[in-house]
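Residues per chain, in single letters:
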Amino acid sequence: MPPRSGRNKKKKSPELDSEALELLKEKGNAAFNAGDCQQAIAYYTQALQSKPDWGIVYSNRSHAYAKAGMLEEALQDAKKCVEMEGSWWKAHMRLGEAYMKLERYQDAAAALNKSMVCHVASDSDDCPEKELRQKY
């Protein structure tokens, strides 16, 4: 007997407008800053279901996963962020952080070096050196 229609299919999330998506990201950031990594992850995941190509939210969720000790998930999101935002220094920094926590030090060094190269190539006022010094 053939499977019933709708079985084994992923439900597609309803499309959210940019304002609703931004609100989910902000709620995720607020939850993360309050120390509630699981809630932050939930908000970021909800946003990514409607906008799966949002690199910064992969970066944020990677950071939340890492803080929650979900290191493989952090690594996967960091890799996804680098795929989407390859010239953004913070994408490579998230990847380096995930590798560090996984004790993959050569991979971490390469990713963190790439973060610095990307920063130098940009005109960004953000400073990866300062962030890295605070963490390591």
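Residues numbered from 1 in each chain as written. Predicted model: local features only at pLDDT ≥ 70, side-chain atom pairs only at ≥ 80, totals over all residues. Heavy atoms only, no water.

Visitor: How should the overall build of the protein be read in this particular structure?
Guide: Within the protein one finds seven helices and zero strands. Helices and strands in the protein line up, N terminus first, as α-α-α-α-α-α-α. At a minimum sequence separation of 6, the contacts of the protein that also span at least 24 residues come to 47%. About 8600 Å² of surface is accessible on the protein, with carbon and sulfur atoms providing 48% of the total. (Helix = DSSP H or I, 4+ residues; strand = E, 2+ residues; numbered from the N terminus. Contact = heavy atoms within 4.5 Å. Areas by Shrake-Rupley, 256 points an atom, 1.4 Å probe, with all protein chains shown as cover.)

Visitor: Even after reading the chapter, I still don't get the environment of Glu 15, so can you show me in this structure?
Guide: For Glu 15, the location among the structural elements is in the segment before α1 (18-33). Between the C-alpha atoms of Glu 15 and Lys 51, which are 36 residues apart in sequence, the distance is 8.1 Å.

Visitor: When you look at the packing of helix α4 (residues 71-84) against helix α5 (residues 89-101) in this model, what are you seeing that I'm missing?
Guide: A pair of packed helices can be characterised by two numbers: the angle between their axes and the separation between those axes. It is the contact of α4 with α5, at a shortest axis distance of 8 Å, that shows an interaxial angle of 155 degrees. When the axes of α4 and α5 are compared, the pair comes out roughly antiparallel. Considering how the two elements wind past one another, α4 and α5 form a crossing that is left-handed. Packed against α4, whose contacting residues are Leu 71, Ala 74, Leu 75, Ala 78, Lys 79, Cys 81 and Val 82, the element α5 presents Ala 91, His 92, Arg 94, Leu 95, Ala 98, Tyr 99 and Lys 101 at the interface. (Axes fitted to C-alpha atoms, helices over the stretch in contact; angles between N-to-C directions. Parallel < 35°, antiparallel > 145°, perpendicular 65-115°, else oblique. Left-handed = near helix turned anticlockwise from the far one by under 90°.)

Visitor: Any chance you could explain the pattern of salt bridges here in plain terms?
Guide: Two side chains carrying opposite charge are able to pair once their charged atoms lie near each other. Applying the stated rule across the entire model yields four salt bridges. Here Arg 61 and Asp 77 are joined by a salt bridge, their closest N and O atoms 2.5 Å apart. With Arg 61 in helix α3 (residues 55-67) and Asp 77 in helix α4, this pair connects stretches of sequence that are 16 residues apart. For the pair Arg 61 and Asp 77, one class covers both residues: buried. For the salt bridge of Glu 97 with Arg 94, the shortest nitrogen-to-oxygen distance reads 3.2 Å. Here Glu 97 and its partner Arg 94 are both found in helix α5, three residues apart, which amounts to about one turn of the helix. For the pair shown, Glu 97 and Arg 94 are each scored as buried. (Salt bridge = Lys/Arg side-chain N within 4 Å of Asp/Glu carboxyl O. Buried < 20%, exposed > 50% of the residue type's maximum accessible area, 1.4 Å probe, protein only.)

Visitor: I tried to follow the packing of aromatic side chains on my own but got confused; where do I start?
Guide: Working definition: an aromatic ring pair is given by the centre-to-centre distance plus the angle between the planes. Under the defined criterion, the tally for this structure stands at zero aromatic pairs. Its end group placed over the ring of Trp 54, Lys 51 keeps NZ or CZ at 4.8 Å from the ring centre. In this arrangement the basic side chain of Lys 67 is found over the ring face of Phe 32, its NZ or CZ atom lying 4.9 Å from the centre. (Phe/Tyr/Trp six-rings, centres within 6.5 Å; stacked < 30°, edge-to-face > 60°. Lys NZ or Arg CZ within 6 Å of the ring centre and 35° of its normal.)

Visitor: When you look at the packing of α1 against α3 in this model, what are you seeing that I'm missing?
Guide: Look at α1 against α3: their axes get within 11 Å of each other, and the N-to-C directions meet at 25 degrees. Here α1 lies roughly parallel to α3, going by the angle between them. Judged by the twist between their axes, the crossing of α1 over α3 is left-handed. Contacts from Lys 25, Asn 29 and Phe 32 of α1 reach α3 at Ile 56, Val 57, Asn 60, His 63, Ala 64 and Lys 67. In terms of residue class, the contact of α1 with α3 is built from four nonpolar, three polar and two charged. (Nonpolar A, V, L, I, M, F, W, Y, C, P; charged D, E, K, R; others polar.)

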